[in-house]
Amino acid sequence: MRPSRYSLAATPLKDPWEKREVWRYTGQFSRYNRLKGMFPGFGVGATAFVLYCMYEQLVGTNGH
């Protein structure tokens, strides 16, 4: 397992405050988790919209 780029063991500390900032980039504050929580209902809404469009195409009648 390769070390994280924010791991204290990966690089020597150049900034004295770096070890206090590491928590911002790990766990629930990692980049993936921040982006995942940005649009909480987007996946459900997009799926419902696609299913609705498919239903309209298959079952819907031509009103013209």
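Owing to the predicted nature of the structure, the values given are computational and were not obtained by experimental measurement. (Residues numbered from 1 in each chain as written. Predicted model: local features only at pLDDT ≥ 70, side-chain atom pairs only at ≥ 80, totals over all residues. Heavy atoms only, no water.)

1. Regarding the overall build of the protein chain
Looking only at helices and strands, one finds three helices and zero strands in the protein chain. In the protein chain, buried positions account for 3% of the 64 residues. Carbon and sulfur atoms provide 63% of the accessible area of the protein chain, an area that totals close to 6,300 Å². (Helix = DSSP H or I, 4+ residues; strand = E, 2+ residues; numbered from the N terminus. Buried < 20%, exposed > 50% of the residue type's maximum accessible area, 1.4 Å probe, protein only. Areas by Shrake-Rupley, 256 points an atom, 1.4 Å probe, with all protein chains shown as cover.)

2. Quick word on the packing of aromatic side chains
Going through the model one piece at a time under the given rule, you end up with one aromatic pair. Ring geometry for Phe-39 versus Phe-42: centroids 6.4 Å apart, planes at 55°, classification tilted. For the residue pair Phe-39 and Phe-42, the accessibility class agrees, reading exposed in each case. (Phe/Tyr/Trp six-rings, centres within 6.5 Å; stacked < 30°, edge-to-face > 60°.)

3. Let's talk about a nonpolar patch on the surface
Taken together, the side chains of Phe-49, Val-50, Leu-51, Tyr-52 and Met-54 define a hydrophobic patch exposed on the protein surface, amounting to about 540 Å² of accessible area. Here Leu-51 shows up in helix 3 (residues 42-59). Looking at Leu-51, the relative accessible area reads 52%, which means it is exposed. (Patch = residues over 30% accessible without salt bridge, like charges linked within 9 Å, V, L, I, M, F, W, Y side chains within 5 Å. Salt bridge = Lys/Arg side-chain N within 4 Å of Asp/Glu carboxyl O.)

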